[in-house]
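Fold and contact review
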Amino acid sequence: MAETKPLVLDVDGTFLRTDMLFECFWAGLGRDPLRVLRIAATQFRNPARLKRELAEVAEIRTDLLPVQPDMKTLVDESIAAGREVVLASASDESQVRRLAADHGMSDRIFASDGGVNLKADTKAAALVKTYGEKGFDYAGNEAADLAVWTHAENALIVGQDASLARKLTAEGHSVTEYRDGWTMRDLIRALRPHQWVKNVLLLLPMLAAHTFEIAPLLLVLLGMASFSAAASTIYIVNDLLDLEADRLHPKKKNRPFASGAVPIRVGMVATAILGVVALGIGALLGPAFLGVVVLYMILSLAYSLKLKRMRWVDIATLAGLYTLRVVAGAAASQVVASGFMLVFIFPIFITLGCVKRMTELTLATSDERLPGRGYARTDRGDLLNVSGLGMVGALLIFFLYSMSAQAQTLYPDRWLLWVALIPIAWWMFRMIRLGYFGKQDYDPIVFALRDKRGLGILMITLSLMFYAAGLLPQWFGF
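Things to note about the overall build of the protein chain
Per the secondary structure count, the protein chain includes 23 helices and 6 strands. Projected onto its principal axes, the C-alpha positions of the protein chain cover 90 × 45 × 40 Å. The 478 residues of the protein chain split such that 54% are buried. For the protein chain, the accessible surface area stands at approximately 21,300 Å², while carbon and sulfur atoms represent 63% of it. Looking at the protein chain, you have 50 positive and 45 negative side-chain charges, and the mean spots of the two groups are 7 Å apart.

Examining the sheet that holds strand E3 (residues 109-112)
Strand order in the open sheet formed by 6 strands is E3-E2-E1-E4-E5-E6, and the pairing between neighbours is parallel. Looking along the sheet, the strands with just one partner apiece sit at the ends: E3 and strand E6 (174-178). Within the sheet, the average angular offset between the axes of one strand and its neighbour, ignoring direction, is 15°. As defined by bridge partners, strand E1 (residues 7-9) adjoins strand E2 (residues 85-92) across 3 bridges and the pair is classed as parallel. Its bridge partner being in E2, Val8 is matched across the sheet by Val86.

Brief notes about the pattern of salt bridges
Scanning the model with the defined rule gives 25 salt bridges in all. Asp314 is the partner of Arg357 in a salt bridge, and the nearest nitrogen-oxygen pair spans 2.7 Å. Separated by 43 residues along the polypeptide, Arg357 in helix H17 (residues 339-363) and Asp314 in helix H16 (residues 313-333) bring together distant segments of the chain. Residue class for Asp314 comes out buried when judged on its relative accessible area of 0%. A cluster of three or more residues bridged by salt bridges with shared partners is formed by Arg192, Asp239, Asp246 and Arg255.

Section: the packing of aromatic side chains
What describes a pair of aromatic rings is the distance from one ring centre to the other and the angle between the planes of the rings. Under the criterion given, the structure shown has 14 aromatic pairs. Summarising the aromatic geometry, the rings of Tyr401 and Tyr411 are spaced 6.5 Å apart at their centres and angled 85° between planes, so their arrangement reads as edge-to-face. One end of the pair, Tyr401, is in helix H18 (residues 380-402); the other, Tyr411, is in the loop between helix H19 (405-410) and helix H20 (415-436), with 10 residues separating them in the sequence. We classify Tyr401 as buried; its relative accessible area is 12%. The exposure class of Tyr411 is buried, given its relative accessible area of 4%.

Brief notes about the packing of H17 against H18
Two elements in contact, H17 and H18, have axes separated by 8 Å at closest approach and are oriented at 160°. One way to sum up the angle between H17 and H18 is to call them roughly antiparallel. Crossing hand, H17 versus H18: left-handed. Broken down by class, the residue content of the contact of H17 with H18 amounts to 18 nonpolar, 5 polar and 2 charged.

A closer look at helix H9 (residues 184-191)
Among all positions of H9, only Asp186, Leu187, Ala190 and Leu191 are buried. Within H9, the buried residues cover an arc of 155° as seen down the axis, which keeps them to one side. On its buried side, H9 packs onto helix H11 (214-241), helix H13 (256-259) and helix H14 (264-284). Looking one or two places after H9, you find Arg192, whose phi comes out positive at around 55°.

Re the environment of Gln160
Relative to the elements of secondary structure, Gln160 occurs in the loop between strand E5 (154-158) and helix H8 (162-170). Residue classification places Gln160 among the exposed residues on the basis of a relative accessible area of 52%. Sequence separation between Gln160 and Ala420 is 260 residues, and the spatial gap between their C-alpha atoms is 58 Å. Discounting residues that sit within four places of it in the chain, Gln160 has contacts with Arg179, Asp180, Gly181 and Trp182.

Description of the side chain of Ser300
Relative to the helices and strands, Ser300 resides in helix H15 (residues 287-305). Ser300 has contacts with Ile234 and Leu321, leaving out every residue within four places of it along the chain.

About the cut-offs
Residues numbered from 1 in each chain as written. Predicted model: local features only at pLDDT ≥ 70, side-chain atom pairs only at ≥ 80, totals over all residues. Heavy atoms only, no water. Helix = DSSP H or I, 4+ residues; strand = E, 2+ residues; numbered from the N terminus. Buried < 20%, exposed > 50% of the residue type's maximum accessible area, 1.4 Å probe, protein only. Areas by Shrake-Rupley, 256 points an atom, 1.4 Å probe, with all protein chains shown as cover. Lys, Arg positive; Asp, Glu negative; His and termini not counted. Charge placed at Lys NZ, Arg CZ, Asp CG, Glu CD. Pairing = 2+ DSSP bridges. Axes fitted to C-alpha atoms, helices over the stretch in contact; angles between N-to-C directions. Salt bridge = Lys/Arg side-chain N within 4 Å of Asp/Glu carboxyl O. Phe/Tyr/Trp six-rings, centres within 6.5 Å; stacked < 30°, edge-to-face > 60°. Parallel < 35°, antiparallel > 145°, perpendicular 65-115°, else oblique. Left-handed = near helix turned anticlockwise from the far one by under 90°. Nonpolar A, V, L, I, M, F, W, Y, C, P; charged D, E, K, R; others polar. Arc of directions from axis to C-beta. Contact = heavy atoms within 4.5 Å.

Geometric descriptors of this kind do not, in isolation, establish any biological role.
See below:
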């Protein structure tokens, strides 16, 4: 009877909705990037050795890896019925053994051992030697598994490649299909297009200089497209580096790569394409803008690899990344960014960085340090203090700016700038309060641009500043 024969499953893309080689690569890249890159370069043509050395750099949490739901159900039912369930994979045996133990499968496994890459014909030969011709059922997901299905009693196919089923059926094999795969919608979700709204910061230099011509606006819009592509590139890299931490997070575990909805290799290809788009547009906008984009991407990558795990350094880096968007806006529109404006917005972004961490800590489910971060709930008081200092610093700098020669030129009614300090302070205090009590989104900038009450406060501020500049009477005749 077929049901008494062992059920043998491939791992990557079949039982798992991910690939352990790429899991190891990105986990290792987050721990020891230079060593991982050296291994990838020197062992590229030796897959078995590559997998073994990467496994030694990063011991991934196999119990957290996303599984294919239908395969998991089949495995559990088979084990309950007393059937032997065996993993046979080209992944390294140390990882495959732990994965089998995590899901109560047979102690007997078939996997790469650092010398032999167990794939295709090699895997088929090992299974036939152990179980005999037609002595097992086999589940796989790719063309390389055809070599194994040929020797199996029943073929179980996971994925979207219908040609595999047609080929096996034509050869007289018993085939069962399990549909699975990624969608463009999930990939777009991984790009986090809702985060692109933060690139409205590129408009600040034009607004501050009271420049409202179409030509510089179009250049800034191109700059926003470049920064959107650059940001999505880094978001994907960050997600791939943070797979384990995201899987331990109550909400982030549902992200496309952490959940297995989108394969890691697809994310790597998307990263390359988006990087080319970001730099290509940057080059069109000139060397100054291109330099800012390159600096943004390098600093973002450093943040993803190391800086985000360092207390206070991470917040300063976040503030720097937000400030770079403003500098980029000046470079794209060729409007000179006021030094006062840059010094003013930096402490605001320091405050918002603290708000981001306070929100995460308030919504955390334990008192332990946040996964992949350097903060625990005991740090909420310090974060509150630093956010308050950022608020005071921003208000002080704004007041000093109102006394500058530039402010005297741009704002005939400077006293309204002092009135504008009130809604600025109100908005910042409200953001701090909401973050401390966990009543906003994990990203304060995105929250701020969706918060109707907060936007109303910001509009009051802008109205006061435009009136002080004489723009509202000029536009509307009052």
